[in-house]
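# A look at the structure
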Amino acid sequence: MADPSSYRPKPGQIPDSPGVYKFRDEHRRVIYVGKAKSLRQRLANYFQDLSGLHPRTRTMVTTAASVEWTVVSTEVEALQLEYSWIKEFDPRFNVKYRDDKSYPYLAVTLDEEFPRVQVMRGAKKKGVRYFGPYGHAWAIRETVDLMLRVFPVRTCSAGVFKNAARSGRPCLLGYIGKCSAPCVGRVTPEEHRELADGFCDFMAGRTGTYIRRLEKDMMAAAEDMEYERAARLRDDVEALKRAMEKSAVVLADATDADLIAVAEDELEAAVQIFHVRGGRVRGQRGWVTDKVENVDTSGLVEHALQQLYGEETGDSVPKEVLVPALPEDPDAVSQWLADRRGSQVSLRIPQRGDKKDLMVTVQRNAQQALGLHKTKRASDLTTRSRALEEIAEALGLDTAPLRIECFDISHLQGDDVVASMVVFEDGLARKGEYRRFQIKGFEGQDDVRSMHEVISRRFRRYLQEKERTGEWEEGPATTGAVPATTGAVLAPTAAVPPGAADPAVAGAVPPGPQASTAPGPEAVGVREAAAPAPTGPAPAGPVDGEPAEPREDDGRPKRFAYPPQLLVVDGGQPQVAAAKRALDELGIDDIAVCGLAKRLEEVWLPDDDDPVVLPRSSEGLYLLQRVRDEAHRFAITYQRAKRAKRIRSSPLDAVAGLGETRKQALIKHFGSVKKLKQATIDEICEVPGIGRRTAESVAVALATAAPATPAVNTATGEIIEEDDGGSTT
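Residues numbered from 1 in each chain as written. Predicted model: local features only at pLDDT ≥ 70, side-chain atom pairs only at ≥ 80, totals over all residues. Heavy atoms only, no water.

### So, the sheet that holds strand S10 (residues 320-322)
As summarised here, the arrangement of the five strands in space is S9-S8-S7-S10-S11, forming an open sheet in which the pairing is mixed. Only two strands of the sheet have a single partner each, and these edge strands are strand S9 (280-290) and strand S11 (346-348). Along the sheet, successive strands turn relative to each other by an average axial angle of 15 degrees, direction set aside. Sheet analysis places S10 next to S11, joined by three bridges and oriented parallel. From the neighbouring strand, Val 321 faces S11, where its bridge partner is Leu 347. Lying over the sheet, helix H10 (residues 297-309) contacts strand S7 (257-264), strand S8 (268-277), S9, S10 and S11, oriented at roughly 135 degrees with respect to S7. (Pairing = 2+ DSSP bridges. Helix = DSSP H or I, 4+ residues; strand = E, 2+ residues; numbered from the N terminus. Axes fitted to C-alpha atoms, helices over the stretch in contact; angles between N-to-C directions. Contact = heavy atoms within 4.5 Å.)

So this is what it looks like as structure tokens:
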């Protein structure tokens, strides 16, 4: 690893002017290319203290062995030179979009004597006009089939064209009127080029002129009683309209624009582009890239613009480019685009109206593309196997961790603290084994203590299952229900009626509808007793608020019965230490523990002062990140649902036998809980379906309910009176 100070330029050597710079490694390979308004200020940022650099930037400067720069006169020249160098050197630390060159285009070969319409893929060629890209080749062929009625342009290959010219007979399309048959001289080269130009104009969005001309000719033919010709023109108009219908109108003002949206996470980014011509979406394309450099959304947009328009000129660059974020220097990028187009180009963020709505659609497509890419990558067996092997190698495991469990804590400022447990087997999620926990052992915000409690509860259950099935071998020092490493042992679990919650450990809820209604005591936590516990296996009752476990001989897997090979926690050193301490207290030493910290994506191991840093392109890191993100999603979803239920709680919830229908009837009759509280028992009995005993229960519940916390309008500071819903917090 090179020391950046060893190749840092001397003070005063770097000019204070626009330019482009290159970092080279020890083998003189270019590893990064960048541009700057001021080379001196930009390069100085790379040679500061390494601890202050972003991890990606730190990796780049320690890989490099030298830096070079080229001074240019304007920022537009710097942008063009940067693009040229990135294309020439293909630097490993620059963002590179994986171009979708396999997307089909509708192409017109205007460089030939008789232009040809065809489907083309791959790199673009000079002298060929492209429309698209399209999602499927069949969509292009359907459009061309409709268009050939009006613009019978040649579609055959050079070999077929020469054979037809040699034989003097056109192909089938020439006989059915879908080709003007230039091969046999039915039209001159000038007439055929006029047809090709008309085809291009129509595809470029100038549709109204041709349709109006055909309709005028149709009416004229009808007046002259040339009904067959009028019918053909009518059919031509319908064909063009059907071709237009294949691309929906999205912008009513016939705008020519490209809309670019970006969806990103810590490791990857997806870009989607909609090509709008004449107010209609004429094409769509997308890229996915690894974020190998420290780049934000504006940087991703700038890279996308370079790749999208770096080889384009003329009308291929639209008048308007709509983006989610402006590049660092929008004026320079706009001028660069204008130079390539030959006229002014507007680069801006849509703020309102149809363009804003269409940008939302493009953004949604980008998010779906990123999700699809991640799903495909995760489902690949080879990739998953390599990811597990990389994790085992990085963490020093004897075998690949075929079962991984990840835990995360979620709360809102210390309220409604919950935890999640997600399970991945063979690199794929096992959602049927997900679990969620309510943290009730203490009040307030303490992620470390919460993590210790959850890990203890999960693996105490595992030990109980082992003991019940006879897999746990009791040693001389462990005579209670679970092993103890400090001399204290757990009080044995008493038998509990099916469906009830264990008084020792409660709060874990399996995912599903039963999560919000499972009964259980409010007092939870791990209770330890100093007195010796009776020996022998304890009766196994349901734990953590779950229904009674299936019997041993029914063949169904038992909850919490299978241990993971790797336990992952969402967090750094403190959370990892808490998880390891919980396992140590239970005498479990055959489960590997690690933590994944969000900010720098570092992997922390117990008792290690320095983290394990996996390469950004590592499939193992990607799998750990996916496991961690899934645990976070599962936890925050439960936390939000729990909080929403608490916010919607009402004193009427405490009335036994009062269901949702009758509660709504009471609220509808009186208007609010406040007015219901002021009503007499006789007035409550007037509500249909409410008897006197229920009315008395309602009155008692409302009279004894604690006063609700007043709601405050955060904008004005006023206290909001509870008049309209009966919900309290």
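Structure shown, so let's carry the discussion forward.
### Quick look at the sheet that holds strand S5 (residues 117-120)
Pairing is antiparallel in the open sheet, where three strands are placed in the order S5-S4-S6. The sheet is open, and its two borders are formed by S5 and strand S6 (128-131), each paired with just one other strand. Averaged over all adjacent pairs, the angle separating strand axes in this sheet is 35 degrees, with direction ignored. By the bridge criterion, four bridges tie strand S4 (residues 105-109) to S5 in an arrangement that is antiparallel.

### Side note on a nonpolar patch on the surface
Together, Leu 172, Tyr 175 and Ile 176 line one region of the surface with nonpolar side chains, adding up to about 360 Å² of accessible area. You can see Tyr 175 is positioned in helix H6 (residues 172-175). You can call Tyr 175 exposed: its relative accessible area is 53%. (Patch = residues over 30% accessible without salt bridge, like charges linked within 9 Å, V, L, I, M, F, W, Y side chains within 5 Å. Areas by Shrake-Rupley, 256 points an atom, 1.4 Å probe, with all protein chains shown as cover. Salt bridge = Lys/Arg side-chain N within 4 Å of Asp/Glu carboxyl O. Buried < 20%, exposed > 50% of the residue type's maximum accessible area, 1.4 Å probe, protein only.)

### Comments concerning helix H15 (residues 573-585)
Here H15 spans 18 Å end to end across 13 residues, near enough to the 18 Å set by a 1.5 Å rise per residue. Buried residues in H15 make contact with helix H14 (447-468), strand S19 (566-570), strand S20 (592-597) and strand S21 (602-604). With its phi angle positive at about 75 degrees, Gly 587 sits one or two positions after the end of H15. (Expected span 1.5 Å × (residues − 1).)

### Quick look at the confidence of the model for the chain
In the predicted model, the chain carries a mean pLDDT of 76, and 78% of its residues have values of at least 70. Per-element confidence in the chain ranges from a low mean pLDDT of 31 for strand S18 (residues 528-529) to a high of 91 for S19. In this model residues 512-557 is a low-confidence stretch, pLDDT under 50, and it forms 99 contacts with partners more than four residues away in sequence or in other chains. With pLDDT under 50 throughout, residues 719-729 is counted as low confidence; its partners more than four residues away or in other chains account for 32 contacts. (pLDDT = per-residue confidence, 0-100.)

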